[in-house]
Amino acid sequence: MNTYEDKTLCCGCTACSLVCPKNAITMQEDGEGFLYPLTNEELCTNCGICRKVCAFTKKIEKAGTPAIYAVRHNDMEVLEKSSSGGVFTAISDVILNQGGVVYGASFDENYFVYHLRAANIETRNQLRGSKYVQSRLDDTYQKVKEDLDSGNVVLFSGTPCQNAGLASYLEFRGADTSNLLQCDLVCHGVPSPKLWIQYVQYLEDRFNGKITEFSFKDKRDNWKSMDSRVFVGDKDISSMCNKKLSFFRFYSTLYPVRPSCFKCPYTNLSRPSDLTIADFWNLEKSKPDFDDSMGVSLVLVNSEKGEKLFEKIKSTIYFEESNINECWQPHLEYPNSEPSRRNIFWREYKEKGFEYVIKKYGKGNLSYRLKRNLTPFLRKTGLYKISGKLYRMLFIKERKTKSA
Ligand SMILES: Cc1cc2nc3c(=O)[nH]c(=O)nc-3n(C[C@H](O)[C@H](O)[C@H](O)COP(=O)(O)OP(=O)(O)OC[C@H]3O[C@@H](n4cnc5c(N)ncnc54)[C@H](O)[C@@H]3O)c2cc1C
């Protein structure tokens, strides 16, 4: 039995392969570098369990509006290491301090992105920072269940589809989830792990050495920039990467993103988690006194469990209440549209190779290039606000619902 109708309906969460009673399903990489379940028809008995456990295709019940906060960690060192306001560190500290375990996305020694189990602060620190690549789960859901069965408190953090897959897997296995806390992200989509690893290899070949540091967000200038911090040995190659060979800008074209992200059912306020974390965009307009060059996180409190956890982090953060009008961003309302030239991109990649596509698309698309090159001039001349309005009209779909 095929577990999915087409690729836009499979997020690669692994739940179907883990529950198959005949072990007939394995996760296999396709030509774009994404994992999909492949069924061994000789072992398959058509029991249909794989389809039943699939969360991605299930209808989501509409939830009420969550409590919404703007949050910044009190510790400057935490802010430096985090993508936005460091709320993930605050949450995971609570879990670790009570002897629990935390799951999240980490780099391995070759910068491959995978889900790691952390039982102490040192390992948890590897989970900090957004890695804009689809993280590999392997048997993570099974490990979470084992931890829950052993009575451990568990925090699972990941994309909304990874969270929904975990919840469905645990429900199917009849696990006791009273000790489980789930944290998801507002998500722009996940790029191909294969392209990411080729990018790492490309930089290492070109700059003749091993990458010793890679952080997708470099806060040295401003956390809102799309600049990454990259070192080969002790050489800072960030500015060379950010101008023409930026994975962040490559990602912004949406060509490297997984097909299912364009049909993402989680781009709304009905979240498959207890807490949702994200960047708090447009704070300069809604809370100018709170706007901070080191980053501010958006937090949606989606459940009672989430509320209790948020209560426990209050002593380590500065926070202000907010609402959907202040924090609205596109992926709280709709997914990205699939770029019309996506097929052309992948054909170019297959025919001409990675170096060709990173050189062509590593500068980002037209809207991002315009924004980057014109912003300093517009700020100087006082035209920044007007041009911001124009930019949103041209490049960002208008918000459809105006009230919470
Ligand atoms: C692929 C991706 C897309 C995102 N898109 C948006 C967006 O459109 N809008 C927005 O406001 N915010 C988005 N974010 C979230 C944002 O980048 C920050 O993670 C968020 O602001 C929390 O930052 P922090 O400072 O609290 O924590 P950090 O310390 O930066 O926390 C990182 C957390 O993210 C998790 N994480 C990191 N990489 C991955 C990954 N590849 N897969 C799954 N989990 C991961 C870690 O496990 C950890 O829980 C995205 C994050 C990712 C990974």
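Report on the accompanying structure.

What counts and how
- Residues numbered from 1 in each chain as written.
- Predicted model: local features only at pLDDT ≥ 70, side-chain atom pairs only at ≥ 80, totals over all residues.
- Near = placed C-beta within 6 Å.
- Helix = DSSP H or I, 4+ residues; strand = E, 2+ residues; numbered from the N terminus.
- Nonpolar A, V, L, I, M, F, W, Y, C, P; charged D, E, K, R; others polar.
- Axes fitted to C-alpha atoms, helices over the stretch in contact; angles between N-to-C directions.
- Parallel < 35°, antiparallel > 145°, perpendicular 65-115°, else oblique.
- Contact = placed C-beta atoms within 7 Å.
- Pairing = 2+ DSSP bridges.

## Things to note about the site of the ligand
Next, step 1: Surrounding the ligand, one finds 33 residues, the nearest of these being Ser82, Ser83, Gly104, His188 and Ala278.
Next, step 2: Only α4 (87–97), β4 (101–107), β6 (154–158) and β11 (275–279) provide two or more residues apiece to the shell around the ligand.
Next, step 3: Class assignment of the residues belonging to the shell around the ligand gives a composition of 13 nonpolar, 17 polar and three charged.

## Some words on the packing of helix α14 (residues 342–352) against helix α15 (residues 354–361)
Next, step 1: Put simply, α14 and α15 touch, their axes get as near as 7 Å, and they point 135° apart. In terms of their interaxial angle, α14 and α15 are classed as oblique. Of α15, the residues touching α14 (which contributes Phe345, Glu348, Tyr349 and Lys352) are Phe354, Tyr356 and Val357.
Next, step 2: Across the contact of α14 with α15, the residue classes break down as five nonpolar, no polar and two charged.

## A word on the sheet that holds strand β10 (residues 235–236)
Next, step 1: Here three strands make up an open sheet; going across it, the order is β8-β9-β10 and the pairing antiparallel. Each having just a single partner strand, β8 (211–215) and β10 make up the two edges of the open sheet.
Next, step 2: Of the pairings in the sheet, the one linking β8 to strand β9 (residues 229–232) comprises four bridges and is antiparallel in character. Bridge assignment links Ser215 to a residue of β9, and that residue is Arg229.

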